[in-house]
Amino acid sequence: MKFIKYGKYVGEPADAIDLEELVKKLGNFFLQSGFESQFYGVSGMDPEKSMEALRDAILRALQEGDWMHEGAMSDELREMLNDPNARQSQEVRDLIEKLMERMAQEGYINPQQPPQVTPPPQSSARGQVGQAQERDTEARFEITDKTVDFLGFKTLQDLLGSLGRSSFGRHATRDLATGIEASGVSREYEFGDTMNLDVSETLFNAVRRDGAKVPVEITYKDLMVHQCEYYSSCATVVLLDCSHSMILYGEDRFTPAKRVAMALSHLIRTQYPGDTLNLVLFHDSAEQVPIGELARVQVGPYYTNTREGLRMAQRILLRQKKDMRQIVMITDGKPSALTLEDGRIYKNAFGLDPFVVGQTLEEVNKCKRAGILINTFMLASDYSLVHFVQKITEMCRGKAYFTTPYTLGQYLLMDYMQRKTKQIH
């Protein structure tokens, strides 16, 4: 008689690890801003990263392990990870490779194989051929839009959790209109209104006119509709400083700023679909960058051309037909550069140059005349900058927040979700 013996299935160690939590743990690695580079991000906008660097980042995340639930890995494997020579362990290497494979399969990373290089012949009919130049054949990867969106969602979730659920809202105004959410007294239906009927008031009008009888005959004049709050639409430009100072003085300010911009993008897309968000980076000059590329940008050895950033933000906002238009400027330094009329860059990093400050404030004044609000989030508390920032907010009736990289997100989201109720009436 033939027997079949069944054993207990033991899954792969990598299958027990929550991939979303791992990606969240790797967030700083994916969003690195050049802070850890000795050249402060001279790689610029290059979105590619080394697979070997990813392996090291995963290993560090596994060694910390405070984000994993109990039983995610065996005690033996945990001991291997804590070993100083864990990188040489075949079991650890297999675990990391399996996790990378899962990340690729679920669309968090896009691996890129190194190019195949055929070595040239050492000689030819015309003579000797020199040695071929070495090429970088290391496998690389790029993060996908799914990863960017996921990290933005997680950042927003964390920030809203710290703010409290009661802070989550819309851009409310004092005007009333017919819509979906009732918040005012009912009124008679008018042609063109949303058919958000107040059924009880409609029936009461019919009964009051003809008395209580069945069937109830409802006429056009009986119709009553709910009124709801009118929610204003808003066009926002995040003006993000990516000058060299954002990673100086032993602190990375650029990565938290990128996280907050991604969270704001996710908030607008999911909760305020009528709003728009654009991103402008300013350094020696200024450039508009798609939100999807935000995670891939790095700072560089640049000055701070605040005026050029304001100019580009104005051009973007003036094309938007919205109830409100605002600039959210995130910076940590003083303006130190200007683009002259002939295209040359005037630079002065020593103190507050009166010429640079005067031209920048003139641009702020143009924003005021165009009805564009400027809210400034200053990631520094230099006393020489306080008066300059206060002057900006005074001119355009905005607000200034002197924050840290750790509190930036809370201040910015609170400002976005609550402040605009005071501007449109």
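Here the structure is a predicted model, which is why all the values come from computation and not from measurement.

1. Concerning the side chain of threonine 339
Consideration 1: Topologically, threonine 339 is positioned in strand E13 (residues 337-339).
Consideration 2: At 2.9 Å, the side chain of threonine 339 forms a polar contact with the side chain of asparagine 305.

2. With respect to a nonpolar patch on the surface
Consideration 1: A cluster of nonpolar side chains, namely Met195, Leu197, Val199, Leu203, Val207, Val216 and Ile218, defines an oily patch on the protein surface of about 550 Å² accessible area.
Consideration 2: Overall, valine 216 belongs to the partly exposed group, its relative accessible area being 39%.

3. Notes on empty space enclosed by the protein
Consideration 1: For the structure shown, the criterion picks out 1 cavity of 30 Å³ or more.
Consideration 2: Taken as a whole, the largest cavity spans an internal volume of roughly 40 Å³.
Consideration 3: Surrounding the largest cavity, Thr306, Met329, Thr331, Gly333, Pro335, Thr376, Met378, Phe388, Val389 and Ile392 form its lining.
Consideration 4: Looking at the lining of the largest cavity, the elements that each hand over two or more residues are strand E12 (324-331), strand E15 (373-378) and helix H11 (383-396).
Consideration 5: With 3 residues, H11 is the largest single contributor of residues to the lining of the largest cavity.
Consideration 6: Along the lines of polarity and charge, the residues of the lining of the largest cavity split into 6 nonpolar, 4 polar and no charged.

4. Looking at a negative patch on the surface
Consideration 1: Taken together, the side chains of Glu12, Asp15, Asp75, Glu76, Glu79, Glu91 and Asp94 make up a negatively charged region of the molecular surface.
Consideration 2: Elements represented by at least two residues in the negative patch include exactly helix H4 (75-82) and helix H5 (90-105).
Consideration 3: Ranked by the residues each element gives to the negative patch, the list is headed by H4, at 3 residues.
Consideration 4: Positionally, aspartate 75 belongs in helix H4.
Consideration 5: Accessibility expressed as a relative area gives 56% for aspartate 75, which makes it exposed.

5. Brief notes about the sheet that holds E15
Consideration 1: Reading across the sheet, the 6 strands line up as E11-E10-E9-E12-E15-E16 and stay open at both edges, with mixed pairing between neighbours. If you trace the sheet from one side to the other, it starts and ends with strand E11 (286-289) and strand E16 (400-402), each paired once. Looking at each pair of strands side by side, their axes are set apart by 20 degrees on average, direction ignored.
Consideration 2: Where helix H8 (residues 254-271) meets the sheet, it contacts strand E9 (234-241), strand E10 (276-282) and E12, and its direction lies at approximately 170 degrees from that of E9.
Consideration 3: Of the strands in this sheet, E9, E10, E11, E12 and E15 are in contact with helix H9 (residues 306-317), which crosses E9 at around 160 degrees.

6. Describing the packing of H9 against helix H10 (residues 354-369)
Consideration 1: In contact at an axis separation of 8 Å, H9 and H10 are set at 20 degrees when each is read in the N-to-C sense. Compared by their axis directions, H9 and H10 come out roughly parallel. Taken as a pair, H9 and H10 cross one another with a handedness that is left-handed. Of the residues in H10, those in contact with Thr306, Arg307, Leu310, Arg311 and Gln314 of H9 are Gln359, Thr360, Glu363, Val364, Lys366 and Cys367.

7. So, the sheet that holds strand E1 (residues 49-50)
Consideration 1: Taken together, the 3 strands give an open sheet; going across it, the order is E1-E5-E2, and neighbouring strands pair in antiparallel fashion. The sheet is open, and its two borders are formed by E1 and strand E2 (109-112), each paired with just one other strand.
Consideration 2: In terms of strand pairing, E2 meets strand E5 (residues 140-143) through 4 bridges, oriented antiparallel. Bridge pairing in E5 places isoleucine 109 opposite isoleucine 143.

8. Some words on the packing of aromatic side chains
Consideration 1: Summed over the entire model, instances satisfying the criterion amount to 5 aromatic pairs.
Consideration 2: Taken together, a centroid distance of 5.9 Å and an interplanar angle of 70 degrees make the contact between tyrosine 108 and phenylalanine 150 edge-to-face. With tyrosine 108 in the loop between H5 and E2 and phenylalanine 150 in helix H6 (residues 145-163), the pair connects residues that are 42 residues apart, well separated along the chain.
Consideration 3: Arranged with centres 5.4 Å apart and planes meeting at 80 degrees, the rings of tyrosine 346 and phenylalanine 355 form a pair that is edge-to-face.
Consideration 4: In this structure tyrosine 346 comes out as partly exposed when scored by relative accessible area, which is 28%.
Consideration 5: Accessibility expressed as a relative area gives 38% for phenylalanine 355, which makes it partly exposed.
Consideration 6: Site record: aromatic cluster; members linked through ring pairs are Phe29, Phe30 and Phe141.
Consideration 7: Lying over the aromatic face of tyrosine 108, lysine 146 brings its terminal NZ or CZ to 4.5 Å of the ring centre.

About the criteria used
Residues numbered from 1 in each chain as written. Predicted model: local features only at pLDDT ≥ 70, side-chain atom pairs only at ≥ 80, totals over all residues. Heavy atoms only, no water. Helix = DSSP H or I, 4+ residues; strand = E, 2+ residues; numbered from the N terminus. Polar contact = N/O pair within 3.5 Å; in protein donor to acceptor, adjacent residues only side chain to side chain. Patch = residues over 30% accessible without salt bridge, like charges linked within 9 Å, V, L, I, M, F, W, Y side chains within 5 Å. Areas by Shrake-Rupley, 256 points an atom, 1.4 Å probe, with all protein chains shown as cover. Salt bridge = Lys/Arg side-chain N within 4 Å of Asp/Glu carboxyl O. Buried < 20%, exposed > 50% of the residue type's maximum accessible area, 1.4 Å probe, protein only. 1 Å grid on protein atoms, 1.4 Å probe; cavity = no way out; pocket = protein on both sides within 12 Å on 5 of 7 lines; lining within 4 Å. Points joined across faces, edges and corners; volume = space filled by probe spheres on them. Nonpolar A, V, L, I, M, F, W, Y, C, P; charged D, E, K, R; others polar. Lys, Arg positive; Asp, Glu negative; His and termini not counted. Charge placed at Lys NZ, Arg CZ, Asp CG, Glu CD. Pairing = 2+ DSSP bridges. Axes fitted to C-alpha atoms, helices over the stretch in contact; angles between N-to-C directions. Contact = heavy atoms within 4.5 Å. Parallel < 35°, antiparallel > 145°, perpendicular 65-115°, else oblique. Left-handed = near helix turned anticlockwise from the far one by under 90°. Phe/Tyr/Trp six-rings, centres within 6.5 Å; stacked < 30°, edge-to-face > 60°. Lys NZ or Arg CZ within 6 Å of the ring centre and 35° of its normal.

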